[in-house]
Amino acid sequence: MKTRLNDQIMSARLLKEASDRYRDTKMDQNYQVDAYRVEVTKRQLQVSKHQRLLMRVVRQ
């Protein structure tokens, strides 16, 4: 009976470790996606700033 209980405890631990690893991976992926979005937004802002500067130069 004791070995069966130990087996259940071990499998529960393994399951928890696997779910923690999965959660950490998902969080890491979300973080990477957020960082990518921030970079894209920065680039868009730079482009629009450059476009405004060009329009100002063209008008003169």
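Relevant structure appears above.
In this report, we go over the structure that sits alongside the text.

**A short note on the overall build of the protein**
No. 1: Helix and strand content of the protein: one helix and zero strands.
No. 2: Here the C-alpha atoms of the protein give a radius of gyration of 26 Å, more than 25% beyond the 10 Å that 2.2 N^0.38 yields for 60 residues.
No. 3: Burial statistics for the protein: of 60 residues in total, 0% are counted as buried.
No. 4: Working note: accessible area of the protein is about 6,200 Å², and carbon and sulfur atoms make up 59% of it.
No. 5: Both charge centroids of the protein, one from 14 positive and one from 7 negative side chains, sit 11 Å from each other.

**A look at the environment of Thr3**
No. 1: Mapped onto the secondary structure, Thr3 falls in helix 1 (residues 2-59).
No. 2: As a C-alpha pair, Thr3 and Tyr31 span 28 residues in sequence and 42 Å in three-dimensional space.

**As for the pattern of salt bridges**
No. 1: Overall, the coordinates contain five salt bridges when judged by the stated rule.
No. 2: A salt bridge links Arg23 to Asp20, with the shortest nitrogen-to-oxygen separation between them at 3.5 Å. Here the residue Arg23 and the residue Asp20 both occupy positions in helix 1, the gap between them amounting to three residues, near one helical turn.
No. 3: Residue Arg23 is classed as partly exposed on the basis of its relative accessible area, which comes to 45%.
No. 4: Residues Lys42 and Glu39 are paired through a salt bridge, measuring 3.6 Å at the closest nitrogen-oxygen approach.

**Section: a positive patch on the surface**
No. 1: Residues Lys49, Arg52, Arg56 and Arg59 make up a contiguous surface patch of positive charge.
No. 2: Residue position: Arg56 is located in helix 1.

**What to know about the environment of Arg43**
No. 1: In this structure, Arg43 sits in helix 1.
No. 2: In this structure, the C-alpha to C-alpha distance between Arg43 and Ile9, residues 34 residues apart in sequence, is 51 Å.

How each quantity is defined
- Residues numbered from 1 in each chain as written.
- Predicted model: local features only at pLDDT ≥ 70, side-chain atom pairs only at ≥ 80, totals over all residues.
- Heavy atoms only, no water.
- Helix = DSSP H or I, 4+ residues; strand = E, 2+ residues; numbered from the N terminus.
- Rg over C-alpha atoms; globule rule 2.2 N^0.38 Å.
- Buried < 20%, exposed > 50% of the residue type's maximum accessible area, 1.4 Å probe, protein only.
- Areas by Shrake-Rupley, 256 points an atom, 1.4 Å probe, with all protein chains shown as cover.
- Lys, Arg positive; Asp, Glu negative; His and termini not counted.
- Charge placed at Lys NZ, Arg CZ, Asp CG, Glu CD.
- Salt bridge = Lys/Arg side-chain N within 4 Å of Asp/Glu carboxyl O.
- Patch = residues over 30% accessible without salt bridge, like charges linked within 9 Å, V, L, I, M, F, W, Y side chains within 5 Å.

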